[in-house]
Amino acid sequence: MIELELQSKTHDEERQGEALMLEILPEKNNGRKLYIESYGCAMNFSDSEIVASILSEKGFVTTNDFNNADVVFINTCSIRENAEQRVRNRLNEFKGAKRKNPGMVVGVLGCMAERLKAKFLEEEKLVDVVVGPDAYRDLPNLIEQVDSGQRAVNVLLSREETYADISPLRLNTNGINAFVSIMRGCDNMCSFCVVPFTRGRERSRDAVSIVAECTDLFNQGYREVTLLGQNVDSYKWAPHPALSKGEDSDKPGAEKVLSSGEDLGEATVNFAGLLEMVALINPDLRVRFSTSHPKDITDEVLYTIAKYDNICNYIHLPVQSGNSRVLDLMNRTYTREWYIDRVDAIRRIIPECAISTDVITGFCTETDEEHQDTVTMMDYVQYDYAYMFMYSERPGTLAAKKYADDIPEPIKKARLEEIVAKQRQYSLVRLQAQLGKVQKVLIEGYSKKSDQDYCGRSDQNAMVIFPVDERFKPGQYVNVMAERCTSATLMGKIVD
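Note that the structure is predicted; figures quoted are calculated from it, not measured.

Next up on the list: the side chain of Asp-47. With respect to the secondary-structure elements, Asp-47 resides in helix α1 (residues 42-56). When its relative accessible area of 0% is taken as the criterion, Asp-47 is described as buried. Leaving out residues up to four positions away in the same chain, Asp-47 has contacts with Asn-75, Pro-133, Tyr-136, Arg-184 and Arg-199.

Attention now moves to the packing of helix α12 (residues 336-349) against helix α13 (residues 368-381). One can describe the packing of α12 onto α13 by two numbers: an axis separation of 11 Å at closest approach and a directional angle of 15 degrees. Compared by their axis directions, α12 and α13 come out roughly parallel. Relative to α13, the crossing made by α12 is right-handed. Of the residues in α13, those in contact with Arg-336, Tyr-339, Ile-340, Val-343, Asp-344 and Arg-347 of α12 are Asp-373, Thr-376, Met-377, Tyr-380 and Val-381. Across the contact of α12 with α13, the residue classes tally to 6 nonpolar, 1 polar and 4 charged.

Attention now moves to helix α9 (residues 271-279). Of all 9 residues making up α9, 8 are buried, and the element is well covered by its neighbours. Burial in α9 covers these residues: Phe-271, Ala-272, Gly-273, Leu-274, Leu-275, Glu-276, Val-278 and Ala-279. For α9, the N-terminal capping position is held by Asn-270, with its side-chain oxygen 3.3 Å away from the main-chain nitrogen of Ala-272.

This structure, assessed with the given rule, holds 37 salt bridges. The salt bridge partner of Glu-276 is Lys-307, with a shortest N-O separation of 3.2 Å. Of the two residues, Glu-276 is situated in helix α9 and Lys-307 in helix α10 (residues 299-307); the sequence distance between them amounts to 31 residues. Residue classification places Glu-276 among the buried positions, given a relative accessible area of 6%. Among the residues examined, Lys-307 registers a relative accessible area of 51% and is labelled exposed. Connected through shared salt-bridge partners, Asp-47, Asp-134, Arg-184, Arg-199 and Arg-203 make up one network.

With 4 of its 5 residues buried, strand β9 (residues 177-181) lies for the most part within the structure. When β9 meets strand β12 (residues 224-228), the two strands line up parallel, connected through 5 bridges. Pairing of Asn-177 across the sheet is with Glu-224, part of β12.

Time to look at the confidence of the model for the protein. Per-residue pLDDT for the protein has a mean of 87; in total, 88% of the residues score no lower than 70. Taken together, the stretch residues 1-11 has pLDDT below 50 and engages in 36 contacts with residues farther than four places along the chain or on a different chain.

On to the packing of aromatic side chains, then. The geometry of an aromatic ring pair is captured by the separation of the ring centres together with the interplanar angle, meaning the angle of the planes. Scanning all chains against the criterion turns up 12 aromatic pairs. Between Tyr-334 and Tyr-339 the ring centres are 6.1 Å apart and the planes differ by 35 degrees, which places this aromatic pair in the tilted class. When its relative accessible area of 5% is taken as the criterion, Tyr-334 is described as buried. Its relative accessible area of 0% is what places Tyr-339 among the buried residues.

We now examine the sheet that holds strand β16 (residues 286-290). The 3 strands lie next to each other as β9-β12-β16, forming an open sheet whose pairing is parallel. One side of each edge strand has no neighbouring strand; the edge strands of this open sheet are β9 and β16. Within this sheet the neighbouring strands show an average axis-to-axis angle of 25 degrees, counted without direction. Across the face of the sheet, helix α7 (residues 207-219) comes into contact with β9 and β12 while running at roughly 170 degrees to β9.

What follows deals with the environment of Cys-485. Mapping Cys-485 onto the fold places it in strand β23 (residues 477-485). As a C-alpha pair, Cys-485 and Gln-432 span 53 residues in sequence and 6.7 Å in three-dimensional space. Once you skip the residues sitting within four places of it in the chain, Cys-485 turns out to touch Leu-428, Leu-431, Gln-432, Leu-435, Leu-490 and Met-491.

With an omega of 15 degrees, the peptide bond between Ser-290 and Thr-291 qualifies as cis. Of note, Lys-117 is a non-glycine position whose phi angle comes to about 55 degrees, a positive value. Turning to its location among the elements, Lys-117 is positioned in the loop between α3 (111-116) and α4 (119-123). A positive phi angle, close to 80 degrees, is found at Asn-461, a residue other than glycine. Its location among the elements puts Asn-461 in the loop between β21 (453-457) and β22 (463-467). On the basis of relative accessible area, Asn-461 is assigned to the buried category, the value being 2%.

About the criteria used
- Sequence order as written defines the numbering, with residues in each chain counted from 1.
- Predicted model: local features are reported for residues with pLDDT of at least 70 only, side-chain atom pairs are reported and counted for 80 or more only, and whole-chain, interface and lining totals are derived from all residues.
- Only hydrogens and water are set aside; all other atoms, that is, all heavy atoms of the structure, feed into the side-chain values.
- Helix and strand definitions follow DSSP, with helices as H or I runs of at least four residues and strands as E runs of at least two, each counted in order from the N terminus.
- Throughout this description, buried means an accessible area under 20% of the type-specific maximum (1.4 Å probe, protein chains only), exposed means over 50%, and partly exposed covers the range between.
- Pairs of residues are marked as contacts when any of their non-hydrogen atoms sit within 4.5 Å.
- Note on definitions: angles span 0 to 180 degrees between N-to-C directions of axes, and those axes are lines fitted to C-alpha atoms, for helices only across the stretch in contact.
- Roughly parallel refers to an angle under 35 degrees, roughly antiparallel to one over 145, roughly perpendicular to one between 65 and 115, and oblique to any angle outside these ranges.
- Rotating anticlockwise by less than a right angle from the far helix to the near helix defines a left-handed crossing, while the corresponding clockwise rotation defines a right-handed one.
- Lys, Arg, Asp and Glu make up the charged group, whereas Ala, Val, Leu, Ile, Met, Phe, Trp, Tyr, Cys and Pro make up the nonpolar group; the residues left over, Gly among them, are polar.
- Pairing of N or O atoms within 3.5 Å defines a polar contact, subject to two protein rules: one partner must be a possible hydrogen donor and the other a possible acceptor, and residues neighboring in sequence count only if both atoms are side-chain atoms.
- The term salt bridge refers to a side-chain nitrogen of Lys or Arg lying within 4 Å of a carboxyl oxygen of Asp or Glu.
- Strands were regarded as paired on the criterion that DSSP finds at least two bridges between them.
- Per-residue confidence from the prediction method is given by pLDDT, with values spanning 0 to 100.
- For Phe, Tyr and Trp, where Trp contributes only its six-membered ring, two rings pair if their centres lie within 6.5 Å, and the inter-plane angle classes them as stacked under 30 degrees, edge-to-face over 60, or tilted in between.

Structural data, given as structure tokens:
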């Protein structure tokens, strides 16, 4: 895997393996210490906050040292082979602590747990509990099973579970930015991806609870929310109970979908409608979202973004490949031409919008000419950021069953290096285009390199560094004149 140095990416390498801490509630303290660390995407970190909320209600308190823990959980990612190997290496490091404390409960949560299920208990003798993403409510019971001498597994996937009624504990937060899960699972079945198998079928969380959570966050002082889903553009929630379970129905009201600008009433809420509902909470609450699927992003969503100043002009639109034949093998359900049409719509409706993407090089049977289609797609779009990977076959996926992983590693690597070099070029070009312009920046804290500088993100998701001004504090908006840049960061000064 090669990624550019991005301060604001969804998959944040600096957070991988982060130990989560929560406030101790003395009246509920059961005397047991919980250690939980997370790997993978923003959804996994959001899920860890849900786990922490569930267990804090049972009196667990957290520690940032697994050697002192009574219960150790590792929330896992399965999207790439090296992500799973990292987890296995980490489990090996826990063995010494468990030898010293045989009563320690060691559990594996998340996507890797769902993929391997009970097999994990056979492969990793250290592990006592294996829990999939839809079974976190069962954790207190599973821990009790282990306490009584049994090993425990719950990897049942659900068509209904959204954890909508659980208020996540915001862990290791800056009190300014928060993730809010709006849906779970995925129905897209891309041939290279394990997510539909590890996170289950797609279901949307109810819009009322999402707005309530975002409102509560704003009242607590948070000034930015990122709405999370595997494919946010397919969000759809219906107040009617049958529809809310994802059933197609000819019942009254089934045909009415809430668009932006309409009252909730009995209508189904689509993603454009949800975006507007969150944006209307307060103009000082910034709204971001991730991730969009090219087959589903509509002009209606784009016009809603353009309508509200507090919906950020930034869209993550994974392309994966620039060649239509390869996209068909990937089961992406769009063509090169469709993708370009969606990019053209973004440029037309939101001229200042930043676009980022995901790219996979060396997918099964990809030729040099087809790889060049990806290169020319990058030339056409000129992405602001990109997350770039060599193809890694994942067991159980359609690609693993149907296609040979037949591109030699040296060729995959060479193609990836070409893509990375191309992206560095355009990341710099896109930031240079912002020089001399005033950026509205939400101050997130001090720069990592100096407490004499603040850092924050622009509307287009660029990281901006600027000198501290005592008139302004983290959580406030400032106008910053961009004066210089690297390929990853803008630098400037506050202007009135």
